[in-house]
Amino acid sequence: MMMTQVETTVRYDNGYEDEYMMQEDEWDRDMLLDPAWEQQQRKTFTAWCNSHLRKAGTQIENIEEDFRNGLKLMLLLEVISGERLPKPDRGKMRFHKIANVNKALEFITSKGVKLVSIGAEEIVDGNVKMTLGMIWTIILRFAIQDISVEETSAKEGLLLWCQRKTAPYRNVNVQNFHVRSNNECKDLLDDPLGNLNLAFDIAEKHLDIPKMLDAEDIINTPKPDERAIMTYVSCFYHAFAGAEQAETAANRICKVLGVNQENEKLMEEYERLASELLEWIRRTTPWLENRTPEKTMAEMQRKLEDFRDYRRQHKPPKVQEKCQLEINFNTLQTKLRISNRPAFMPSEGKMVSDIASAWQGLEQAEKGYEEWLLTEIRRLERLDHLAEKFRQKATNHENWASGKELILSQKDYETATLTEIRALLRKHEAFESDLAAHQDRVEQIAAIAQELNELDYHDVAAVNQRCQSICDLWDKLGTLTQKRRESLERTDKLLETIDQLFLEFAKRSAPFNNWMEGAMEDLQDMFIVHTIEEVQSLIAAHEQFKATLPEADAERQAILGIHNEVLKISQSYGIKANIVNPYSTITFEELLNKWEKVKKLVPQRDGALQEEMARQHTNERLRRQFAAQANLIGPWIQTRMEEIGRCSLEIGGTLEDQMTQLKQCEHVIVAYKPNIDKLEGDHQLIQESLVFDNKHTNYTMEHIRVGWELLLTTIARTINEIETQILTRDAKGISQQQMNEFRSSFNHFDRKKNGAMETDDFRACLISMGYDLGEVEFARIMILVDPNGTGIVSFQSFIDFMTRETADTDTAEQVVASFRILAADKPYILVDELRRELPPEQAEYCIMRMPPYAGPGAPPGALDYTAFSTALYGESDL
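Residues numbered from 1 in each chain as written. Predicted model: local features only at pLDDT ≥ 70, side-chain atom pairs only at ≥ 80, totals over all residues. Heavy atoms only, no water.

Under an unreviewed UniProt entry, the name given to the protein chain is Actinin, alpha 2b, and the source organism is Amphiprion ocellaris. According to its UniProt record, the protein chain has this under Sequence similarities (unreviewed entry): "Belongs to the alpha-actinin family." (UniProt positions renumbered as here; feature names shortened; annotations may be inferred.)

Visitor: Help me out: how do you make sense of the overall build of the protein chain in this one?
Guide: Of the regular secondary structure elements, the protein chain holds 32 helices and five strands. Counting across all 878 residues of the protein chain, residues that qualify as buried make up 38%. A separation of at least 24 residues holds for 71% of the contacts in the protein chain among residues at least 6 apart in sequence. Here the protein chain displays about 50,300 Å² of accessible surface, and carbon together with sulfur accounts for 52% of that area. (Helix = DSSP H or I, 4+ residues; strand = E, 2+ residues; numbered from the N terminus. Buried < 20%, exposed > 50% of the residue type's maximum accessible area, 1.4 Å probe, protein only. Contact = heavy atoms within 4.5 Å. Areas by Shrake-Rupley, 256 points an atom, 1.4 Å probe, with all protein chains shown as cover.)

Visitor: Would you explain unusual backbone geometry in this entry?
Guide: Peptide bonds are, in most cases, trans, and in most cases residues other than glycine have a negative phi. The backbone of Ala824 sits at a positive phi, close to 60 degrees, despite the residue not being glycine. Positionally, Ala824 belongs in the loop between α29 (812–822) and α30 (831–837). For Ala824, a relative accessible area of 56% translates into the label exposed. The backbone phi angle of Asp825 is positive, close to 65 degrees, even though this residue is not glycine. Along the polypeptide, Asp825 turns up in the loop between α29 and α30.

Visitor: Just checking my understanding: could you explain the packing of helix α3 (residues 71–81) against helix α6 (residues 128–144) for this structure?
Guide: In a packed pair of helices, the relevant descriptors are the angle between the two axes and the axis-to-axis distance. In contact at an axis separation of 11 Å, α3 and α6 are set at 10 degrees when each is read in the N-to-C sense. One way to sum up the angle between α3 and α6 is to call them roughly parallel. Listed contacts from α6 to Leu73, Leu77, Ile80 and Ser81 of α3 are Met134, Ile138 and Phe142. Of the residues assigned to the contact of α3 with α6, the class counts are six nonpolar, one polar and no charged. (Axes fitted to C-alpha atoms, helices over the stretch in contact; angles between N-to-C directions. Parallel < 35°, antiparallel > 145°, perpendicular 65-115°, else oblique. Nonpolar A, V, L, I, M, F, W, Y, C, P; charged D, E, K, R; others polar.)

Visitor: Would you mind showing me how to read empty space enclosed by the protein here?
Guide: Leftover empty space is mapped by rolling, across the atoms, a probe with the size of a water molecule. In total, this model carries one cavity of 30 Å³ or more according to the counting rule given. Put simply, the largest cavity is a space of about 60 Å³. In this structure, the largest cavity is lined by ten residues; those nearest its centre are Leu655, Gln658, Met739, Asn740 and Arg743. For the lining of the largest cavity, the elements supplying multiple residues, two or more each, are α22 (655–671) and α25 (736–749). In terms of residue count, the dominant contributor to the lining of the largest cavity is α25 (four residues). In terms of residue class, the lining of the largest cavity is made up of three nonpolar, five polar and two charged. (1 Å grid on protein atoms, 1.4 Å probe; cavity = no way out; pocket = protein on both sides within 12 Å on 5 of 7 lines; lining within 4 Å. Points joined across faces, edges and corners; volume = space filled by probe spheres on them.)

Visitor: Just checking my understanding: could you explain the pattern of salt bridges for this structure?
Guide: Summed over all chains, the structure comprises 42 salt bridges. Among the ionic pairs, Glu432 bridges to Arg485, the shortest N-O distance being 2.8 Å. On the criterion of sequence distance, the pair formed by Glu432 in helix α16 (residues 418–454) and Arg485 in helix α17 (residues 460–492) is long-range, its members being 53 residues apart. Taken together, the shared-partner salt bridges connect Arg426, Glu429, Glu432 and Arg485 into one network. (Salt bridge = Lys/Arg side-chain N within 4 Å of Asp/Glu carboxyl O.)

Visitor: Explain the packing of α3 against helix α4 (residues 94–110) here, please?
Guide: Interhelical geometry of α3 versus α4 gives an angle of 25 degrees and a closest axis separation of 8 Å. Taken together, the axes of α3 and α4 lie roughly parallel to each other. As for the relative orientation of α3 and α4, their crossing is left-handed in sense. Of α4, the residues touching α3 (which contributes Leu71, Leu73, Met74, Leu77 and Ser81) are Asn100, Val101, Lys103, Ala104, Phe107 and Ile108. Among the residues forming the contact of α3 with α4, the class breakdown is eight nonpolar, two polar and one charged. (Left-handed = near helix turned anticlockwise from the far one by under 90°.)

Visitor: In this structure, what is going on with the environment of Thr221? I would like to understand it.
Guide: Here Thr221 is to be found in the loop between α10 (215–219) and α11 (226–243). Thr221 gets classed as buried once you look at its relative accessible area, which sits at 12%. Between the C-alpha atom of Thr221 and that of Ala36, which follows or precedes it by 185 residues, the distance is 7.6 Å. Dropping the residues within four chain positions of it, Thr221 is found in contact with Gln40 and Glu216.

Visitor: Mind showing me how you'd approach the nonpolar core here?
Guide: Soluble globular proteins tend to bury their nonpolar side chains together. Judged by nonpolar contacts, the single largest core of 60 residues is most densely connected at Trp48, Ile135 and Ile138. Elements with a contribution of two residues or more to this core: α1 (35–53), α3, α4, α5 (120–124), α6, α7 (154–166), α9 (192–206) and α11. Look past the residues within four positions of Ile135 in its chain and what remains in contact with it is Phe45, Cys49, Ile63 and Phe67. (Core = buried A, V, L, I, M, F, W, Y, C linked by side-chain atoms within 4.5 Å.)

Visitor: What should I look at first to understand the environment of Trp636 in this one?
Guide: You can see Trp636 is positioned in helix α21 (residues 588–649). Sequence separation between Trp636 and Tyr672 is 36 residues, and the spatial gap between their C-alpha atoms is 9.7 Å. Trp636 has contacts with Val668, Ile669, Tyr672, Trp708 and Leu711, leaving out every residue within four places of it along the chain.

Visitor: Would you mind showing me how to read the packing of aromatic side chains here?
Guide: A complete count under the given rule lists 17 aromatic pairs for this structure. Between Tyr270 and Phe344, the aromatic rings sit 5.5 Å apart at their centres with planes inclined by 90 degrees, giving edge-to-face as the arrangement. Here Phe344 lies in the loop between α13 (297–338) and α14 (352–401) and Tyr270 lies in helix α12 (residues 249–289), a separation of 74 residues in the sequence. Three or more aromatic residues joined by ring pairs make a cluster, and in this case those are Phe512, Trp515, Phe545 and Trp595. Positioned above the aromatic ring of Phe142, the side-chain terminus of Arg141 is 5.0 Å from the ring centre. (Phe/Tyr/Trp six-rings, centres within 6.5 Å; stacked < 30°, edge-to-face > 60°. Lys NZ or Arg CZ within 6 Å of the ring centre and 35° of its normal.)

Visitor: Any chance you could explain the side chain of Asn50 here in plain terms?
Guide: Within the secondary structure, Asn50 sits in helix α1. Only 2.6 Å separates the side chain of Asn50 from the backbone nitrogen of Ile60, close enough to count as a polar contact. Each residue touching Asn50, except ones within four places of it in the same chain, is listed here: Gln59 and Ile60. (Polar contact = N/O pair within 3.5 Å; in protein donor to acceptor, adjacent residues only side chain to side chain.)

Visitor: Sorry, what's going on with the layout of surface pockets here?
Guide: Considering only enclosed or pocket space, the second largest pocket measures out at about 1,100 Å³ in volume. Forming the walls of the second largest pocket are 32 residues, and the residues nearest its centre are His52, Lys55, Val79, Ile80 and Ser81. Every element with two or more residues in the lining of the second largest pocket is listed here: α1, α3, α6, α11 and α13. Of the residues forming the lining of the second largest pocket, the biggest block, five residues, is contributed by α3. Split by residue class, the lining of the second largest pocket holds 14 nonpolar, seven polar and eleven charged.

Visitor: What is the right way to look at the side chain of Thr285 in this model?
Guide: By the element assignment, Thr285 lies in helix α12. In this structure the side chain of Thr285 is engaged in a polar contact, spanning 2.7 Å, whose partner is the backbone oxygen of Ile281. Those residues in contact with Thr285, other than ones at most four positions away along the chain, are Leu362 and Ala365.

Visitor: It is not clear to me how the environment of Gln725 should be interpreted in this structure. Could you clarify?
Guide: Within the secondary structure, Gln725 sits in helix α24 (residues 701–732). Other than its neighbours up to four places away in sequence, Gln725 contacts Leu655, Met739, Arg743, Phe795, Gln796 and Ile799.

Visitor: Teacher, can you tell me more about the confidence of the model for the protein chain here?
Guide: Detailed reading of the predicted coordinates is not advisable wherever pLDDT falls low. Here the protein chain shows a mean pLDDT of 80. Residues at 70 or above account for 89%. Contacts for the low-pLDDT stretch residues 181–188, under 50 throughout, to residues beyond four places or in other chains number seven contacts. Note that pLDDT drops below 50 for residues 246–250; the model gives that stretch zero contacts with residues more than four away or on any other chain. (pLDDT = per-residue confidence, 0-100.)

Below is the structure:
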């Protein structure tokens, strides 16, 4: 065949791989194709393609023309593969056709077929040789490649199948896919042309194999095209392969129909659920996309509540439905794939991807809706806040401005006295200041109104009307204020003299009044002192205050003179109006009353300070009395502690002499107890007098108590230690000289001189005595002398260790040896042997405490005397 080389690699499930190359025949090298072969391939390949395309309701007429746009080529691949190809380009331009053919070629390549030199451009250009080569590649891959008989290649398997099928017939020997010559066929068959036509007709009618060649194409051609013959024979192979399974067809059909019905139910259920879910999404999405704001906060809050209901109540079931829909879809596709059915293609717009896309749009709208709701609520919250702020400020301003117009319009200054005129003028000045201060408030009200307009507040009309009223009234108040000032200033000049006197009175009376109020507060002030020096400081300050009284009295007289001068002027000029000082609320009568009160409080303060001085002298006496005793008792306790320490460390005398000294010391300590009790009494008096510090001593009652308790504990413990040493000495037969040597060694290595050796000190002591200490041996000794692991070795533990090392005492090994004698050299001992050899009390003691023997060959009830003995001496644990 005249076409470029097509190389195909076929892989089988059994792991074998057959590579074969379809090479050009010798006459193909000049790019020429035998016309008869080309005609046979056209006819065969066209019929083969139509046998599949008819399943999609279409066919081809001209193989090189009908595949040029790639549409039917892609459809053919979808039908024979059962898979979806990418969506084809529907344009009619050349590049659209090339794109479609490329999609088909890429699909063929994805199936493990290596295309060599077959390009989309040749197919689009109608190159018949390339087109036939491409169709042959498709036939190889999808019709022949999977044919395998006894692990042979596809071509060999097809040939072997033909040989087996024709084996029962005489004179039939199929060696290849080229038929014999016409003469040879006539030798075998009387009418080869009729027989071939009959075979083709029966295959078309009963096996649904379209007629791909005419009998003349085979009979009249010396060497028919091998590819055409293989294509035709492969159809017979597939038809007969299906016929061989006819026995199980009925069962399979029933199974298939059952699966099909179940799948159809799943499809219908999917369609129904998808429709309902998409309809819900279609209804819900516009609601979430609606961004029409409400006018009030309450309405927006209701929208937010509706959205929360949607999130909590309406959406969760739909989430479950969507999840179940996806599960049903995947389950359905799995069942279809397992049952070798085409994949389920939902109705248009109901694909899982369509639902996912719609759901994504829903969630996007939902996200945007929630953000919009919160933003709008914040905006309305801001508006409500501004509106409320406007109302509050407007109300405050209106309340302030209420009646101001009437006040500014009255003419009370015409009949007013000098004092009233002056007061009116000052009051008017204050009003002007107040008016100026309210300028900012009016501007703020106008600014808030402007912002409410800009933010489209729903009740902005009422806001604007109220704001305008406030501004109009503000302008009118400004005009009236200016006119009233001019009238008051004209009247003020007539009464200026009295006004100056009132002003002077106010300037001098206020500081004097403040001084008297401060003086009264100081004279009545509570004081808390703890020392004589603090009382003396208060008395000195009081004396300084009394020294300022003459100067204060002179100021009082001056203020009285101003008051009298005002009275004199009023009488001289016949002023009848009730004159009141407008600059001060302080009256001369008030000043006089306060002055009299100050004079009464001064001697009262003197008496209180003298009483406190006497109380502090009493407290000082108590401090000194306690300090005198504490300063004696504290050192006494320390001296006794040192005496006890020296007594316990002495070497010269006997233990009995040390005991005698300690007993005498204990007697002295007990006899000293009344001094402690007396100090406790003095301490109680100090506490009752609320005395909390004492500079005469560093000892507190708590220090004395702790020292006394420590002294009692130390003397008792030291006496006990000496008694224990006497017992140890007498029990071990140690001489006094040995005890002194032990004490001398212990004191020498007790570096801190606190009656105890630390671990390193004890190691040094043992080394000095000639012990050859390894870590294990030293650890064993430390367990004996310091069983609690405190890191301290007391003198008693030191003596116990030394007496154990030097005295002739029993050991665990000796006890084990004794038990072994009783047990007749057995590693265990029996209860009867213990009761026979030991007194009853000791026997029962051993029986109760000996653990069972765990070694081999022991009878029931055997006891482990070795473990018991080592535990008895602390060398192991039971």
